[in-house]
Structure formats: C-alpha cells, structure tokens
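Structural features, examined
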Amino acid sequence: MKKLVTILVLLTILIFLIINLSDLQNYFVKNSNISNPGLLLYDKNNVDNKVSAGYIYKNVDKWPDVQKQTVSYGTSGYVEGSANIVTSIVVGFRAFDTMGEITVLFIAIAGVAALFGLSKKEFEISEEIEPNFVLRNASKFLLPLIILFGLYIIIHGHLSPGGGFQGGSVIATGVLMFYLSFVSFKENPLKYTFIETLSGFSYIFIGLLSIIFMGFFLGNFLKTGTIGNIISAGIIPILYFFIGLKVSAELSSTLLYFLDKE
Amino acid sequence: MSLEYIVANWMVFWGPLTIVFIGLYGILTQKNLLKILISIDVMDLGVNLYIVGVGYVKNGIAPILTKGMTSNNIFVDPLPQALVLTAIVISLAVTAFSLFLVIKLYERYNSLDISSIYDKENTFSNNNNEDDV
C-alpha cells in the first residue's frame, strides 16, 4: 500500500515535471533552425559561443578571434600548455574552486576521524580470520603495480584522461587491498594526516608564490612549454601531483577508520 | 522526429531523469539505511549524467589534444565535465561521512532499519522521562 502511494506521488511529480520541463527543452531548441529537424538539442550547442571556447582554442585574451586561432599538438606559446582541456579548467581556470573542493574532502574526513573517537570498539575485525592464500600472495605482487599505475595517472593528468583525483582513488584501492589481505597490519593515521597536511599547504604555498610573481592567487607563473610534453603546462602538473597525494592519503586514512584499525 | 533525435533526447534528457526518479523511489520506499544511501548515490549519478550530456556537441570528441588531430575535429564542451569532476569528489566525501554515521547508528541501536531505530529512540526517551520524574 505504501509503495503504491509512493508510486502515485512519483508519477504526479513526473507528470508535473514533464509538463513544465517541456519548456526547458524549448529553451534548447528555440534558437535552432526548425526547418532542419535533425538533432535539435545539439545543433546550436556550439562550443564557440561558450566560455570553454577560450580554453579549447587556448586563447583567452583574443576571444572574438578564437575561430581564426588554431592550436595543435606539439606547439607552444599559448596561455595554458595543458593538452587535456578539462585539466586546464579544473586546475587552471578554476584552481581556487578546486582548493575549496579538497577542503570539502578534508572536512568530511575530519568528521569521520572525530566520530571515530566515540567508538565503543565492539565490532572489531577478528585477527584470527586468515585471508585466502591467493589474496595474500597476489596482493604482495599487485600493490606496487597499483601504486605505480596511480602515480602514472596522476603525473599524466595534463596529457591524458585522469589526474589527481582519479589517481589518488586508484592508490587508495591498492591500500584497501593490502589492509584486507593482512588483517594484523596496522598503521598510524597520523602518517597519512602528515602527508595530507603537507600537500594541502604546498597547494596554497604555490598559490601564494603566484601572488609574488604574477600578482594574483594561483596564476600560472611558470613557462607553459610545448603541448604534449610531460614537463609542460607550468604549475598545473605540480598542483595536480599535490592533489593526488592529498586525495590518496585522505581516502587511505578513511579506509583505516572504516576497518577500525588504529 | 527522426530516430536520431529520439535517441539523443533519451540519452541527454529522459534517461538521466529516469535514473533520478529510480533513486527518489528508493529513498522513499526503502527502510534500510544503506539502501537509502545507495539510492542517494543513484540520484547523484543521474544528475551528473544530465550535466555531462548537456555539454555534448554533435560528432564531438573528448577534449584532449592528441597527435595527428586535424582541424575538422570538434571537441565536446569541457566545462560541464570539469563541474562533474568536482561533483563526483564531493559526493564521495558526503557518502564516506554518512556511511560512518550509519556505522555509529548501528553500534547504538543494533539495527539499520529506520522504523525500528525510531521505536528504540522513543522507548529510550520515554524511559529517560520516567527517570526524570
């Protein structure tokens, strides 16, 4: 009966949304050429009209002329040297916003750590349970490879899909596998907190250095180099490396709290 | 109404909306706290899919400069992707914190069912009131 009522309520909301959001669809369609009924939603979704155009063409100053500018792999001398444009936006254009993002992550982990102090310690994992032979031996072999792969993703964040957040998550999965395969393995979370604090302060320190060199916070004050090289894009790979360290340390310490190991 | 138009509408608009409503249905009907958390994550996924889909450009490719790229290649809009990257990380942080809260609730009430937690909370408060009197 309750499920029936829920479904009825959801259907009512759905019908309401369909009636009202059909106007929203018209918003996308409104500017397009009606005589061409192809993909109405996308036909006018032109990146040249958006803020992202400046980053796709790697030219923010001469924005009206963006269509004449071309940028390609292996050239240099543009505002940002990062080949991955999403990285250009996340760590270049919105670097201050990313600082807030890692602060949110830090606050969530700090909340977990604060709640951990209230634990009654009734549900500890028994140390008598021995994990599987395959898990124990395979994790010894796989842990370095997983960490290497995570570092690869972090370091190539400005060239290929990936970056600090993704690589940090990969490293944290390796640490989780190590915890699961060695039940008696314990670690002090303060070590992770040290790495986390150090990388967070380095991020802000680079931003403050930019005030000295460029006059504003988190500007790209290094040479951008050639697009496609590992050493390019100025401070973007350095910032992403610190973000990767911070995310991996935070997620690893969270896993530590969840597994009730101190 | 060509087939291409219908598929694109589903991909960008109705598909994510359906996923959001599946999550909403889960939040409203399930009583297990873990299942409610999973439903919230499913809603998150729907919203993220919608935001990424809005940035799609016809015949667009991933916004990464690679070797051998010609000027005919069109990128999809990278700005919604960057926004979704932020949203995913924040949803991860919120999920981790709420999972820990669920663990604490289980330690206190020995149950994940919200109605039984509600009953136990009521009995606790009633007992406390009697003690006070």
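Residues numbered from 1 in each chain as written. Chains lettered and ligands numbered in written order. Predicted model: local features only at pLDDT ≥ 70, side-chain atom pairs only at ≥ 80, totals over all residues. Heavy atoms only, no water.

Our next topic: the environment of Ser210 of chain A. Residue and element names in this part refer to chain A. Here Ser210 is to be found in helix α8 (residues 189-213). Ser210 sits in the buried class, given a relative accessible area of 0%. Residues Ser210 and Leu222 lie twelve residues apart in sequence; the distance between their C-alpha atoms is 9.2 Å. Excluding anything up to four places from it in sequence, Ser210 contacts Gly215, Phe216, Phe217, Leu218, Gly219 and Phe221. (Helix = DSSP H or I, 4+ residues; strand = E, 2+ residues; numbered from the N terminus. Buried < 20%, exposed > 50% of the residue type's maximum accessible area, 1.4 Å probe, protein only. Contact = heavy atoms within 4.5 Å.)

This part covers the confidence of the model for chain B. All names here are of chain B. For chain B, per-residue confidence averages 82 on the pLDDT scale, and residues scoring 70 or more make up 88% of the total. Mean pLDDT across the elements of chain B bottoms out in helix α4 (residues 114-132) (74) and peaks in helix α2 (residues 33-54) (90). For this predicted complex, the interface score ipTM comes out at 0.78, alongside a pTM of 0.78. (pLDDT = per-residue confidence, 0-100.)

Our next topic: helix α6 (residues 133-155) of chain A. All names here are of chain A. A rise of 1.5 Å per residue sets the reference length of α6, with its 23 residues, at 33 Å; its end C-alpha atoms lie 34 Å apart and thus fit the reference within 8%. Of all the bends in α6, the largest measures some 35° and sits at Leu142, one to four residues before the proline Pro144. Next to the buried residues of α6 lie α7 (164-181) and α9 (236-258). (Expected span 1.5 Å × (residues − 1). Bend = angle between axes of the 7 residues up to and from the residue.)

Let us look at the packing of α7 of chain A against α9 of chain A. Residue and element names in this part refer to chain A. Put simply, α7 and α9 touch, their axes get as near as 7 Å, and they point 30° apart. One element, α7, and the other, α9, form an angle in the roughly parallel class. Considering how the two elements wind past one another, α7 and α9 form a crossing that is right-handed. Contacts between α7 and α9 involve Gly164, Phe165, Gly168, Ser169, Ile171, Ala172, Val175, Leu176 and Tyr179 on the former and, on the latter, Tyr240, Ile243, Gly244, Val247, Ser248, Leu251, Ser252, Leu255 and Leu256. (Axes fitted to C-alpha atoms, helices over the stretch in contact; angles between N-to-C directions. Parallel < 35°, antiparallel > 145°, perpendicular 65-115°, else oblique. Left-handed = near helix turned anticlockwise from the far one by under 90°.)

Here we come to the pattern of salt bridges. The full count for this structure, using the stated rule, is three salt bridges over all chains. Close ionic contact of Asp97 of chain A with Arg94 of chain A constitutes a salt bridge, the shortest N to O distance being 3.4 Å. Among the ionic pairs, Glu107 of chain B bridges to Lys104 of chain B, the shortest N-O distance being 3.5 Å. One end of the pair is Glu107 of chain B and the other is Lys104 of chain B, both in helix α3 (residues 78-109) and three residues apart, which spans about a single turn. Accessibility assignment for this pair places Glu107 of chain B and Lys104 of chain B in one class, buried. (Salt bridge = Lys/Arg side-chain N within 4 Å of Asp/Glu carboxyl O.)

This paragraph deals with a nonpolar patch on the surface. Residue and element names in this part refer to chain A. Judged by side-chain polarity, Met1, Leu4, Val5, Ile7, Leu8, Val9, Leu11, Ile13, Ile15 and Ile19 come together as a nonpolar surface patch covering roughly 950 Å² of accessible area. Relative to the assigned elements, Val5 resides in helix α1 (residues 2-29). Given the relative accessible area of 41%, Val5 is considered partly exposed. (Patch = residues over 30% accessible without salt bridge, like charges linked within 9 Å, V, L, I, M, F, W, Y side chains within 5 Å. Areas by Shrake-Rupley, 256 points an atom, 1.4 Å probe, with all protein chains shown as cover.)

Another point: the confidence of the model for chain A. Low-pLDDT stretches of the model should not have their predicted coordinates read in fine detail. Residues and elements named next belong to chain A. When pLDDT is averaged across chain A, the result is 77; 73% of the residues are at 70 or more. The weakest mean pLDDT in chain A belongs to helix α2 (residues 40-43) at 53; the strongest belongs to α6 at 90. Note that pLDDT drops below 50 for residues 29-40; the model gives that stretch 17 contacts with residues more than four away or on any other chain.

Attention now goes to the packing of aromatic side chains. When we look at a pair of aromatic rings, we describe it by the centre distance and by the angle of the planes. Residues and elements named next belong to chain A. Scanning the model with the defined rule gives five aromatic pairs over all chains in all. On the basis of an interplanar angle of 50° and a centroid distance of 5.0 Å, the ring pair of Phe178 and Phe182 is categorised as tilted. With a centroid separation of 6.1 Å and 55° between ring planes, the pair formed by Phe241 and Phe242 is classed as tilted. (Phe/Tyr/Trp six-rings, centres within 6.5 Å; stacked < 30°, edge-to-face > 60°.)

Relative to the helices and strands, Thr29 of chain B resides in helix α1 (residues 3-29). You can call Thr29 of chain B buried: its relative accessible area is 15%. Once residues within four sequence positions are removed from consideration, Thr29 of chain B is found in contact with Lys3 and Thr6 of chain A.

This part takes up the environment of Ile74 of chain B. Residues and elements named next belong to chain B. Residue position: Ile74 is located in strand β2 (residues 74-75). Sequence separation between Ile74 and Asn59 is 15 residues, and the spatial gap between their C-alpha atoms is 7.0 Å. Every residue in contact with Ile74, bar those within four places of it in the chain, is listed here: Val57, Lys58, Asn59, Gly60 and Ile61.

Checked against the element boundaries, Ile56 of chain A lands in helix α3 (residues 52-56). Taking the C-alpha atoms as reference points, Ile56 of chain A and Ile85 of chain A, separated by 29 residues in sequence, lie 6.5 Å from one another.

Below, the discussion takes up α3 of chain B. Relative to the 46 Å expected for 32 residues at 1.5 Å per residue, α3 of chain B spans 46 Å between its end C-alpha atoms, a close match to the ideal helical length. Positioned one or two residues after α3 of chain B, Asn110 of chain B has a phi angle of 60°, which is positive.

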